Amino acid sequence: MSLTFHWFLPTNGDSRHVVGGGHGTPVTAAGGDRPPSIGYLTQIARAAEQLGFTGVLTPTGAWCEDAWLTTAMVSQHTERLKFLVAFRPGFVSPTLAAQMASTFQRQTGGRLLLNVVTGGESHEQRAYGDFLDKDARYARTDEFLQVVRALWDGGTVDLAGEHLRVEDARLARVPDPRPDIYFGGSSPAAGDVAARHADVYLTWGEPPAAVAEKIAWIRTLAEKQGRNIRFGIRLHVITRDTSEQAWAEAQRLLDGFTPETVAAVQAGLSRSESEGQKRMLALHGGGRDGLEIHPNLWAGIGLVRGGAGTALVGSHAEVAERVAEYHRLGIDEFVFSGYPHLEEAYWFGENVLPRLAAQGLWAHPSASTTLPAGARHTPADSARTDAPDRPRIPFAGS
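Since the model is a prediction, treat every value here as computed from it, not as a measurement. (Residues numbered from 1 in each chain as written. Predicted model: local features only at pLDDT ≥ 70, side-chain atom pairs only at ≥ 80, totals over all residues. Heavy atoms only, no water.)

(A) Fine view of unusual backbone geometry. With an omega dihedral of 0°, the bond running from Asp176 to Pro177 counts as a cis peptide bond. In this fold, Pro177 is placed in the loop between strand S6 (165-169) and strand S7 (181-183). The omega torsion across Tyr339 and Pro340 is -10°, close enough to zero to call that bond cis. As for its position among the elements, Pro340 is in the loop between strand S13 (333-337) and helix H12 (341-351). The phi torsion at Asp168 lies on the positive side, around 55°, for a residue other than glycine. Mapping Asp168 onto the fold places it in strand S6. Not every positive phi belongs to a glycine, and Asn296 is a case in point at roughly 70°. Within the element layout of this structure, Asn296 appears in the loop between strand S10 (292-294) and strand S11 (297-298). (Helix = DSSP H or I, 4+ residues; strand = E, 2+ residues; numbered from the N terminus.)

(B) Examining the nonpolar core more closely. Ranked by size, the top nonpolar core spans 77 residues in total, and within it Phe5 and Phe336 carry the most contacts. In terms of residue count, helix H5 (residues 134-152) provides more of this core than any other element does, 8 residues in total. Judged by nonpolar contacts, the second largest core, of 21 residues, contains Ala30, Leu253, Phe257 and Ile301. (Core = buried A, V, L, I, M, F, W, Y, C linked by side-chain atoms within 4.5 Å. Buried < 20%, exposed > 50% of the residue type's maximum accessible area, 1.4 Å probe, protein only.)

(C) Looking closely at the pattern of salt bridges. Scanning the entire structure with this criterion turns up 17 salt bridges. The salt bridge partner of Arg196 is Asp142, with a shortest N-O separation of 3.2 Å. In this pair, Arg196 is assigned in helix H6 (residues 188-197) and Asp142 in helix H5, connecting sequence segments 54 residues apart. Classification of Arg196 by relative accessible area gives partly exposed; the value is 31%. Using a relative accessible area of 14% as the deciding quantity, one classes Asp142 as buried. Measuring nitrogen to oxygen at the nearest pair gives 2.9 Å for the salt bridge that ties Asp180 to Arg230. (Salt bridge = Lys/Arg side-chain N within 4 Å of Asp/Glu carboxyl O.)

(D) Quick look at the pairing of strand S3 (residues 82-87). For S3, a buried count of 5 out of 6 residues is recorded, marking the element as mostly surrounded by other parts of the structure. As defined by bridge partners, strand S2 (residues 55-58) adjoins S3 across 4 bridges and the pair is classed as parallel. Bridging from a neighbouring strand, Gly55 pairs with Lys82 of S3. A crossover links S2 with its parallel partner S3, the connecting element being helix H2 (residues 67-75), and its sense is right-handed. Relative to strand S4 (residues 112-116), S3 is paired through 5 bridges, and the arrangement is parallel. Paired with Ala86 across the strands is Asn115, a residue of S4. (Pairing = 2+ DSSP bridges. Right-handed = clockwise from strand over helix to strand, strands pointing away.)

(E) The arrangement of the side chain of Thr203 in detail. Of note, Thr203 is situated in strand S8 (residues 200-204). At 3.0 Å, the side chain of Thr203 and the side chain of Lys214 are in polar contact. In contact with Thr203, not counting residues within four places along its chain, are Val211, Lys214, Gly232, Ile233 and Arg234. (Polar contact = N/O pair within 3.5 Å; in protein donor to acceptor, adjacent residues only side chain to side chain. Contact = heavy atoms within 4.5 Å.)

(F) Focus on H5. Over its 19 residues, H5 extends 27 Å from the first C-alpha to the last, a length consistent with the 27 Å expected when each residue adds 1.5 Å. Of all 19 residues in H5, 16 are buried; the element is thus mostly enclosed. Gly154 occupies a position one or two residues after H5 and carries a positive phi of about 95°. (Expected span 1.5 Å × (residues − 1).)

(G) The arrangement of the environment of Glu162 in detail. Structurally, Glu162 is set in the loop between strand S5 (156-160) and S6. As a C-alpha pair, Glu162 and Val265 span 103 residues in sequence and 36 Å in three-dimensional space.

(H) Expanded view of the packing of helix H3 (residues 94-108) against H5. Viewed as axis vectors pointing N to C, H3 and H5 meet at an angle of 45°, and their least axial separation amounts to 9 Å. Between H3 and H5, the interaxial angle falls into the category oblique. Between H3 and H5 the crossing geometry is right-handed. In this structure, H3 uses Pro94, Thr95, Ala97, Ala98 and Ala101 to contact H5, whose residues at the interface are Phe144, Val147, Val148, Leu151 and Trp152. Residue classes in the contact of H3 with H5 are distributed as 9 nonpolar, 1 polar and no charged. (Axes fitted to C-alpha atoms, helices over the stretch in contact; angles between N-to-C directions. Parallel < 35°, antiparallel > 145°, perpendicular 65-115°, else oblique. Left-handed = near helix turned anticlockwise from the far one by under 90°. Nonpolar A, V, L, I, M, F, W, Y, C, P; charged D, E, K, R; others polar.)

(I) Structural detail: the packing of helix H1 (residues 38-51) against H2. At a minimum axis distance of 10 Å, the contact between H1 and H2 shows a crossing angle of 65°. Here H2 runs roughly perpendicular to H1, going by the angle between their axes. Between H1 and H2 lies a crossing whose hand is right-handed. On H2, the residues that touch Ile38, Leu41, Thr42 and Ala45 of H1 are Thr70, Met73 and Val74. A class-by-class count of the residues in the contact of H1 with H2 yields 5 nonpolar, 2 polar and no charged.

(J) Spatial organisation of the packing of aromatic side chains. The tally for this structure, following the rule as stated, stands at 12 aromatic pairs. A ring pair is formed by Phe5 and Phe334, whose centres lie 5.3 Å apart and whose planes are at 20°; its orientation type is stacked. Here the residue Phe5 occupies a position in strand S1 (residues 4-8), and Phe334 occupies one in strand S13, the gap between them amounting to 329 residues. Residues Phe5 and Phe334 agree in their burial class; the two are buried. A centroid spacing of 4.7 Å and a plane angle of 45° characterise the contact between Phe336 and Phe348, whose relative ring orientation is tilted. Taken together, the positions of Phe336 in strand S13 and Phe348 in helix H12 put the pair 12 residues apart, joining distant regions of the chain. Residue Phe336 is classed as buried on the basis of its relative accessible area of 0%. By way of ring pairs, the aromatic residues Phe5, Trp7, Phe53, Phe334, Phe336 and Phe348 are connected into one cluster. (Phe/Tyr/Trp six-rings, centres within 6.5 Å; stacked < 30°, edge-to-face > 60°.)

Put into structure tokens, the structure is as follows:
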């Protein structure tokens, strides 16, 4: 099985320095160095496509541009690249979300992937009109994904849940292919939702032993549901011709963090409700010493950035070995990023991917111009002419 690699679209802005933001913290001033224009984001997307990345992750939150709108525009300037769109179930109805995904698939030739984010910090959620607490948000996500997956399967759905209610919900046209659902989270509630609905469980970059524990945990939960799940990991990367050069770049980034910025960001992140964010903070403890927490795994990014806060740092050969190490644990998909994202995509794509290909771990995605099956359908192929014969799928309230 060939490993799958995704890159990142920095819709909060890009820079030669680390751009903060996320989990309730504002985007740092460096985010204005390269504004997230469609032109610049398209440069990154086209580079990722040419280099052999399968897709690009686009974040969600008040600190960045809207992921759905941005990727819809950038998709028109790419041919093969998929878009891993992060979105929050509480902000849109499940029927509308299922319809949006179906439309995206048809208009891009099947290039949508979905990263379901249950919710950011409560104060940010409230700014969008969402006043549920964390556990209730996970319960709502469970109901939401029940509806979405059933609609994608062509059913007519009735749900009277604790948080959501739909009657006679159905799609005029179902997505073809159905988008894979990526889902992360470190709390027990997150694990249960992932086991029932995720195609790919996505974890932030922790040391291999911790990642192995997460994989075993989710795999056991999924097996109880009669399901198999793939596993992915979210990391930054600094790869250079020599290890010394890579660590010098990491030090340059670290030197750009003022004590005041680190203190302000850490104060904000320390209030996070996210179990994953708490695990990221524990890796560095807010200090600048001991940031290499495993060979070639650096926790420095997390000093000024919410969310994914670790990076693979080293020579191209070392980074390739760390990728192989995570793969041996069960990781098959990698979502990488780097500062700035355009240049770092080339460092990784031109130097690490060929090494992995030589080991038989990766192959460049096909550049075939043949459209996916869904893109060749005529409107009549998937129109709702057979709606009365579709199964009605009722769900009991939770």
